[in-house]
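Structural overview for review
Okay, here's what each chain looks like letter by letter:
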Amino acid sequence: MRFIIILCLLQVLTACKKTLITPVLPLLSFYQPVDFPEPVYPLAQNPVTREKFELGRLLFYSPVLSLDNTISCATCHAQTHLFADHNVAVSSGVGGLTGTRNAPPVFNMAWQPHFMWDGGVNHLEMFSIAPITNPVEMNETMLNVINKLNASDYWKKQFKAAFGTDQITDQQLFRALTQYMLMIVSDGSHYDKVKRGQASFTADQQAGYNLFLQKCASCHKEPLFTDYSFRNNGLDEISADDGRYLITQLESDKGRFKVPTLRNVLLTYPYMHDGRFFTIDQVLEHYSSGVKSHTNLDPSLQNGIPLTADEKKYLKRFLETLNDYELMSKMELSEP
Amino acid sequence: MKKIALLVVAAGILVFNSCKKEGCTDPEALNYSDKAKTDNGTCQYEEVQETGKVTLMLAHYWVNETMDFSLNMQYVHPETGDSLTFTTFKYFVSNIKLKKEDGTWWTQPESYYLVNLDEAEGAQLVLSGVPVGNYTGISYVMGVDSTRNVSGAQTGALSTTSGMFWSWNTGYIMVKAEGTSPQAGMGGAFTYHLGGFSGNNNIVTTKTAAFGTESLNVTTTSTGMIHLGVDPSRLFTTTGSVSNVGMVHMPGQNAVTMATDFYNSGVSFKYIHN
């Protein structure tokens, strides 16, 4: 008797419910590390979904974005190298042409207020167009890329699955790539584990961390290890590359470049905007004794950052703790 | 046993009834319910505002309104004496508003147009969804407002596929004028890519005009037109000959000078007709 009543009630309750469709792919949402600030990227205008992320991942690894189908984003932003190039000073594009600047690693993009060494790109969604259309990188036009994608049944299917429309647009392309880049988060280093109370520094690492806080942290600000400012760090008395000046045309910006993150710094050599230093020792030596005078030299570097041999050693022990091997081997981000 | 049968019947009715919800079944209505199966006459509708179309006619001419301007024709500039043949002439018009009789404004949503002389000699911008009424003036923006330059990927006229976008220094190329001239330096070509949306480099210019004595009457069937004149020769008002400035490819003083000369004295309201 009771059983029948329960059965009837159950029937009443379920009578109007539509059949639930089980998603084929597990759900996905933006990942916010607890100790990171709020992202700069406006997530609300492009909410992360599994389908759009997977499309972005396919595009990131596809050479379709380049003129002759030879270069993909991953060619110069390889996961094995923390999404920087394969330890070369400057990258090779279509036809073997080379650029003038070192390819920065693509991670923690959600927190960047601007992109490129000179900050010329103001929005993550507008980042991809630069390498796609640069003659020494992918050397394509946006019109041609969109036409190629629209002419392909394979890509039409992929875009439809993500955006539900039949016509592929550049906005969809940029937003899908953005979603993939949003999910490349580096917060799995030993340093992060120490910060979360899951590990501890050795005495040498701790000594290095103390030195870092004292001598480096004002520009390489935690937890992202950059303050995203543009500074002249005394590389040259006369800069071959005007840096930030190329964007602002202000004399005071000549020879200024964006402060790069120190996360994964030992894995993403060479260093500086032109990749001139191949070892971290050269970098430390530059700050210790090699800073050159320049009208726009950063005030904090007027006397360089003198370092003893021991201090350099401890700093390196600390920088090692910023290597994120979890990100390097994260399956979800690998070539599909 | 009887009791049980009764219960089963009652439950069955419940099941049956639970799907026979009453409500508004018209998807067009404001209070449409997708759960309702039977319409109970409670549908509410948005007040229907009747609308019509207005066409913004852009007539391109060279210096004098009697001389039509088109691509691949050689013109002589009356002030500089340069011979100029344009192969590309494109520019953005945006944020169109029409002033109603009562002084309030109708703002066109998503109001972005790329005028491309490659595609039509006299560009026609069709404004649809204009509320029925009488209009006495227009406001429009030459260029693309700063918001759309800093908000990421756009669609429609603002798609990057038109090539009116700087990839390395984010922002729209708001005027693109290219061509040849024997007076131009290297290679006899001139290239003007004008843009800039912030600080001293801002070229975005809002223009307004009153229609005058006559007003534009918009009805559901009207075919009213607003005529603007566009004179590319005004690009050179201050910079002078192409031998002075033959190439502009980034925001800055040259872009500001050329664009604002063109916007301010080269683009003007002419007349309307109903």
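None of these values were measured; they are calculated from a predicted model.

To continue, consider the overall build of chain A. A tally of regular secondary structure across chain A gives 13 helices and two strands. Taking the principal axes of its C-alpha atoms as reference, chain A extends roughly 90 × 50 × 30 Å. Of all 336 residues assigned to chain A, the portion counted as buried reaches 50%. For chain A, the share of sequence-separated contacts (at least 6 apart) that also reach a separation of at least 24 residues comes to 68%. Surface accessibility of chain A: about 15,800 Å² in total, with carbon and sulfur atoms responsible for 58%. Here chain A contributes 30 positively and 35 negatively charged side chains, and the mean placements of these two sets differ by 7 Å.

Let us look at the domain arrangement of chain A. All names here are of chain A. Partitioning chain A into structural domains gives domain 1 (43-185) and domain 2 (190-325). Its largest share of buried area at the contact with domain 2, domain 1 owes to Asn 87, Trp 117 and Asp 118, together 32% of the area lost on that side. Linking domain 1 with domain 2 are one salt bridge. For Arg 101, the salt bridge goes to Asp 241, with nearest N and O atoms at 2.7 Å. Taken together, the connections running from domain 1 to domain 2 amount to ten residue pairs in polar contact (both at pLDDT 80 or more).

Where helix H5 (residues 142-150) of chain A is concerned, the buried positions are Met 142, Val 145, Ile 146, Leu 149 and Asn 150 of chain A. Taken down its axis, H5 of chain A places every buried residue within 130 degrees of arc, on the same side.

Considering all chains together, one arrives at one disulfide over all chains under this definition. In this model, Cys 24 of chain B is linked to Cys 43 of chain B through a disulfide, with the two sulfur atoms separated by 2.0 Å. In this structure, the disulfide formed by Cys 24 of chain B and Cys 43 of chain B twists by about 105 degrees around the S-S bond and is classed as right-handed. Within this pair, whereas Cys 24 of chain B is found in the loop between strand E1 (22-23) and strand E2 (38-39), its partner Cys 43 of chain B is found in the loop between E2 and strand E3 (51-62), the two being separated by 19 residues in sequence. Both residues of the pair, Cys 24 of chain B and Cys 43 of chain B, belong to the buried class. Cys 73 of chain A forms no disulfide, and the closest cysteine sulfur to it belongs to Cys 76 of chain A, at a distance of 9.1 Å. On the accessibility criterion, Cys 76 of chain A (13% relative accessible area) is buried.

Before going further, it helps to spend a moment on the nonpolar core. Of all hydrophobic cores here, the largest spans 120 residues; its most connected members are Leu 173 of chain A together with Phe 86, Phe 89 and Ile 226 of chain B. At eight residues, the largest contribution of residues to this core is made by strand E6 (residues 83-100) of chain B. In contact with Phe 89 of chain B, other than residues within four places in its own chain, are His 60, Phe 69, Leu 71, Val 115, Asn 116, Leu 117, Lys 176, Ala 177, Val 230, Pro 232, Leu 235 and Phe 262 of chain B.

Summed over all chains, the structure comprises 38 aromatic pairs over all chains. Ring centres 5.5 Å apart and planes at 50 degrees place the aromatic pair Phe 201 of chain A and Tyr 209 of chain A in the tilted group. Accessibility assignment for this pair places Phe 201 of chain A and Tyr 209 of chain A in one class, buried. Among the aromatic residues, those joined into a cluster by ring pairs are Trp 62, Phe 69, Tyr 75, Phe 86, Phe 89, Tyr 91, Phe 190, Tyr 192, Phe 236, Phe 262 and Tyr 263 of chain B. If you follow Arg 244 of chain A out to its NZ or CZ, it ends over the ring of Phe 230 of chain A, 4.2 Å from the centre. Seen from the ring of Tyr 245 of chain A, Lys 254 of chain A lies directly overhead, with NZ or CZ sitting 4.7 Å from the centre.

Procedures and definitions
Residues numbered from 1 in each chain as written. Chains lettered and ligands numbered in written order. Predicted model: local features only at pLDDT ≥ 70, side-chain atom pairs only at ≥ 80, totals over all residues. Heavy atoms only, no water. Helix = DSSP H or I, 4+ residues; strand = E, 2+ residues; numbered from the N terminus. Buried < 20%, exposed > 50% of the residue type's maximum accessible area, 1.4 Å probe, protein only. Contact = heavy atoms within 4.5 Å. Areas by Shrake-Rupley, 256 points an atom, 1.4 Å probe, with all protein chains shown as cover. Lys, Arg positive; Asp, Glu negative; His and termini not counted. Charge placed at Lys NZ, Arg CZ, Asp CG, Glu CD. Domains from an automatic or database assignment. Buried area = accessible area lost by both parts, 1.4 Å probe. Salt bridge = Lys/Arg side-chain N within 4 Å of Asp/Glu carboxyl O. Polar contact = N/O pair within 3.5 Å; in protein donor to acceptor, adjacent residues only side chain to side chain. Arc of directions from axis to C-beta. Disulfide = S-S within 2.5 Å. Core = buried A, V, L, I, M, F, W, Y, C linked by side-chain atoms within 4.5 Å. Phe/Tyr/Trp six-rings, centres within 6.5 Å; stacked < 30°, edge-to-face > 60°. Lys NZ or Arg CZ within 6 Å of the ring centre and 35° of its normal.

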